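Take a look at the letters that make up each chain.
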Number of protein chains: 2
Amino acid sequence: MLHPVVLSGGSGSRLWPLSRQNQPKQFLTLIGDHSLFQETILRANALPDAGAPVTVCAEDHRFMVGEQLQAIGVANGAILLEPIARNTAPAIALAALHLVASEPEATMLVLPADHLIEDVEAFRDAVARATALADQDWLVTFGIHPDYPETGYGYIARGESLGEGGYQVSRFVEKPDLATAEGYLAEGTYAWNSGMFLFKAQRFIDELARHAPGILSAARAAYAQAQRDLDFIRVGKEAFAASPNDSIDYAVMEKTDRAAVVPVSCGWSDIGSWSSLWAVAERDENGNRYEGDVISVDTTGSLVRASERRMIATIGVEDLVIVDTPDATLVARKDRVQDVKTIVDKLKQAGRQEHLFHRKVYRPWGNYDSIDMGERFQVKRIVVKPGAALSLQKHHKRAEHWIVVSGVAEVTCDDKVFDLHENESTYIPLGSVHRLRNNGTELVELIEVQSGAYLGEDDIVRLEDVYGRS
Amino acid sequence: MLHPVVLSGGSGSRLWPLSRQNQPKQFLTLIGDHSLFQETILRANALPDAGAPVTVCAEDHRFMVGEQLQAIGVANGAILLEPIARNTAPAIALAALHLVASEPEATMLVLPADHLIEDVEAFRDAVARATALADQDWLVTFGIHPDYPETGYGYIARGESLGEGGYQVSRFVEKPDLATAEGYLAEGTYAWNSGMFLFKAQRFIDELARHAPGILSAARAAYAQAQRDLDFIRVGKEAFAASPNDSIDYAVMEKTDRAAVVPVSCGWSDIGSWSSLWAVAERDENGNRYEGDVISVDTTGSLVRASERRMIATIGVEDLVIVDTPDATLVARKDRVQDVKTIVDKLKQAGRQEHLFHRKVYRPWGNYDSIDMGERFQVKRIVVKPGAALSLQKHHKRAEHWIVVSGVAEVTCDDKVFDLHENESTYIPLGSVHRLRNNGTELVELIEVQSGAYLGEDDIVRLEDVYGRS
């Protein structure tokens, strides 16, 4: 059985303002109907003999992972929570240890959660070839046939053929300069290092033991302390934090003598920037990609993305990226989008929030959106999923008014519990213990008006929480 | 006495998305602390011997005019309402008739409400020279010394000197092509036609009688039917509508033999586009003008205007105009901003609203802002000015929840009248007769949650209204 392992640890800021620290690229719906994470899961799940996917993600993203898996109806193998980011080698080590615990012969297919693959048939064919090599104890990496001399990726040089359409790895090379990249392209034996791997879990563990024993021992210790928390597997934090911070390439692939590469041309993109999203997106006859409510005059070569309830008008512009969100709009020259990082750095330095959260914040029970704010008040639209409940809580510095605008909410307020229907309201006095629950089968939407001298998210005392949040 | 007459009839769409049909350019605060209209009033009011200003504006803008006058504390001469736009000649005719009714010898200074004048001393000096010529029965136009060969304005060629630093008008010329404009600049005897005039009201009426009797008779008939409505003078609609639609230039100035021009160089701009606003605004060392929350990297020659609670980030762009509002964002090349008109036309054709109203809508009693909207609900932030009251009203298709977040509101709901304080709420059932009033000295702010199947602004039955709205 082939076990997909989806690495969802990225906190990419390169698609800001759409990506935020608490909602990175892999969870965004950029092309098509699903997020990149969901597409990755669905693609892996459809492979022959695929087991239930194992996801490795950051603690902060666990509810998003759970919800996105549920939304596509894919049975969940395991969701391993990284207590802290330690790069790919420790993350893959956790997954390998988890797999061999129940299936010593497990083969794992490691897939970053944020890649786009257009030609699924070619991908499946490559997986089949890689599986054949993994059966012969090779650690296989997928080498993307380069279409152009990209300087932003590492390259893999192939050596001797191993049959099965695979090759021994001759060497890994760092991101080259343009002339070197052009040379690689001309030679025809170099491929982009995609970050996708296929190997027996035990073989990977053995190679770790040889080349990166510190990572293995940290992962073992962390996994030994693993505790189930709802659908999640929470490993030992301090033990995991003790691991060296290293990529699988540095820690294992560049050192092992069992590295193989399977070349593949499958319409692969890591969507590493707004310009690469533009490059893979369908565009109109003027080279524009529009999403949402866009009205344009004489616009060419641009990516324009409007957000809900807002329109964007463009006139006479070319090769721009314009991305709108409820609290921030980016306007960048398409060939300068790598500097989105500079903007994010500026936001960090200024102690701001726009790189951390969207105005709409996702929670395990649903989401809230801060639709208005004034000196002593804030207005939120709150959405509670069927069967979900907010924590039993109280606030020291604010009272709340709730008006249900759709669905039926069950309200707890001190010693009273009652239902609130559409067009009904209630008042939660300052200091009262309250909870909001959705026992129905439809979403509950309500408007919350907060009134008080201090309205920060940290004025919350959680007395009880079904999601294990302290 | 010199009577300033401020023409505030413009419905300019050239500064969209900041200007909207119900809030045109003259009412926007573009530079400094006041709107262009307020600046115009203040500038006129500070002239020696100036009477209380007479404003001519569109019916729809009357409350904004009243409010903006009140805000700057300038005593209001009269606010004449144009029932329909008929260009400048009929508007000035109304003002002239109004002035001579009480002061046959009145001299009037006609000023468009949407011009910027930086050098007030030079302007005052020109007004003094023009007054001297008006005393000699000249109809004086102000000719702006051209700084560059602008092709977007008409020009005035001067003839013989009349003394007082004024000249007879030799001829008016239409917007020239570039070569012609360059020729005018070189000759040194041409000036931009500013649209500002100074003459005796009766002289203007006499010239109208001679050259545009249709306009005069329509204006006379309309003014004869004038009715006071609060602070406003409402003239006969049908009578006024019967007037030819003509500018003062075509109707009078180009035909009379008493046209004079006073050349002036006073830092004048009509802010006819975003690029001309950029040109007159203070800019940083990279030629950028930023307003609001803007973060930029390698940006030059641009005008960037963020709106409340939203940031704009720019990277690597040059010579752009980026203007954000709560419901629409414009991104245009600075030399293409005349095509804003094309966008507005597209909005009209599509039957949309973004060229008509801002999300925040001003009313005589204050304003409301539609902060959120869903399938069967809408959330508004409502601000009621001290002493103001909404109409006594009811709705057929929606109920409303009101939560006061600042100030004290007096609520009428059917037969009950009560005060609602900060952090208090009430419910207005569907069909009940209600009113909101602010008897205090502070603003009342409240959040209104509407619930119902239809939430359009037209579901309102007004039973009583202190502002005379039907």
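Here is what the cut-offs are and how they apply
Residues numbered from 1 in each chain as written. Chains lettered and ligands numbered in written order. Predicted model: local features only at pLDDT ≥ 70, side-chain atom pairs only at ≥ 80, totals over all residues. Heavy atoms only, no water. Contact = heavy atoms within 4.5 Å. Buried area = accessible area lost by both parts, 1.4 Å probe. Salt bridge = Lys/Arg side-chain N within 4 Å of Asp/Glu carboxyl O. Polar contact = N/O pair within 3.5 Å; in protein donor to acceptor, adjacent residues only side chain to side chain. Helix = DSSP H or I, 4+ residues; strand = E, 2+ residues; numbered from the N terminus. 1 Å grid on protein atoms, 1.4 Å probe; cavity = no way out; pocket = protein on both sides within 12 Å on 5 of 7 lines; lining within 4 Å. Points joined across faces, edges and corners; volume = space filled by probe spheres on them. Nonpolar A, V, L, I, M, F, W, Y, C, P; charged D, E, K, R; others polar. Least-squares fit on C-alpha atoms with pLDDT ≥ 70 in both. Domains from an automatic or database assignment. Axes fitted to C-alpha atoms, helices over the stretch in contact; angles between N-to-C directions. Parallel < 35°, antiparallel > 145°, perpendicular 65-115°, else oblique. Left-handed = near helix turned anticlockwise from the far one by under 90°. UniProt positions renumbered as here; feature names shortened; annotations may be inferred. Pairing = 2+ DSSP bridges.

## Digging into the interface of chain A and chain B
Next up, step 1: With 59 residues of chain A in contact, the opposing surface of chain B contributes 58 residues.
Next up, step 2: Carbon and sulfur atoms make up 55% of the surface buried where chain A meets chain B, a total of about 5,000 Å² over both sides.
Next up, step 3: Between Arg310 of chain A and Asp324 of chain B there is a salt bridge, with the nearest N and O atoms lying 2.8 Å from each other.
Next up, step 4: Taken together, the links from chain A to chain B amount to 40 residue pairs in polar contact (both at pLDDT 80 or more).
Next up, step 5: Per-element accounting of the side of chain A that touches chain B gives the leading share, six residues, to strand E19 (residues 328-333) of chain A.

## Examining empty space enclosed by the protein
All names here are of chain B.
Next up, step 1: Scanning the entire structure with this criterion turns up one cavity of 30 Å³ or more.
Next up, step 2: Counted as a void, the largest cavity has a volume near 40 Å³.
Next up, step 3: Taken together, His145, Arg158, Gly188, Thr189, Tyr190, Ala191 and Pro263 make up the full set of residues lining the largest cavity.
Next up, step 4: Residues belonging to the lining of the largest cavity are distributed by class as follows: three nonpolar, three polar and one charged.

## So, the relation of the copies chain A and chain B
Next up, step 1: For these two chains of identical sequence, chain A goes onto chain B by a turn of 180° and a shift of 0.0 Å along the axis, with RMSD 0.0 Å. Here the two chains are linked by the operation of a two-fold rotation axis. No C-alpha of chain A approaches the rotation axis more nearly than that of Ile371 of chain A, which lies at 3.1 Å.
Next up, step 2: A share of 98% of interface residues in chain A that are also interface residues in chain B marks the association as one of identical surfaces.

## A closer look at the domain arrangement of chain A
Next up, step 1: Here chain A is partitioned into domain 1 (2-269), domain 2 (276-348) and domain 3 (360-464).
Next up, step 2: Here the C-alpha centre of domain 3 of chain A lies 35 Å away from the C-alpha centre of domain 2 of chain A.

## A closer look at the packing of helix H1 (residues 36-45) of chain A against helix H2 (residues 62-72) of chain A
Angle between the axes and distance between the axes are the two parameters that describe a pair of packed helices.
Residues and elements named next belong to chain A.
Next up, step 1: At a closest axis distance of 10 Å, the pairing of H1 and H2 adopts a crossing angle of 55°. Classified by the angle between their axes, H1 and H2 sit oblique to one another. In this structure, H1 crosses over H2, and the sense of that crossing is right-handed. Across the interface between the two elements, Phe37, Gln38, Ile41 and Leu42 of H1 pack against Val65, Gln68, Leu69, Ala71 and Ile72 of H2.
Next up, step 2: Taken together, the residues of the contact of H1 with H2 sort by class into seven nonpolar, two polar and no charged.

## Points about the UniProt feature "domain: Nucleotidyl transferase" (unreviewed entry) in chain A
Next up, step 1: UniProt feature "domain: Nucleotidyl transferase" (unreviewed entry): in the numbering of this structure it lies at residues 4-285 of chain A.
Next up, step 2: Helix makes up 37% of residues 4-285 of chain A and strand 25%. Its end C-alpha atoms lie 39 Å apart.

## A word on the sheet that holds strand E17 (residues 311-315) of chain B
Next up, step 1: With mixed pairing, six strands are arranged side by side in an open sheet as E14(A)-E16(A)-E18(A)-E19(A)-E17(B)-E15(B). In this open sheet, the two strands that pair with only one neighbour each are strand E14 (289-291) of chain A together with strand E15 (294-297) of chain B. Mean inter-strand twist for the sheet, computed between neighbouring axes without regard to direction, equals 5°.
Next up, step 2: On the sheet, helix H11 (residues 340-349) of chain A packs against E19 of chain A together with E15 and E17 of chain B and is oriented at approximately 135° with respect to E15 of chain B.

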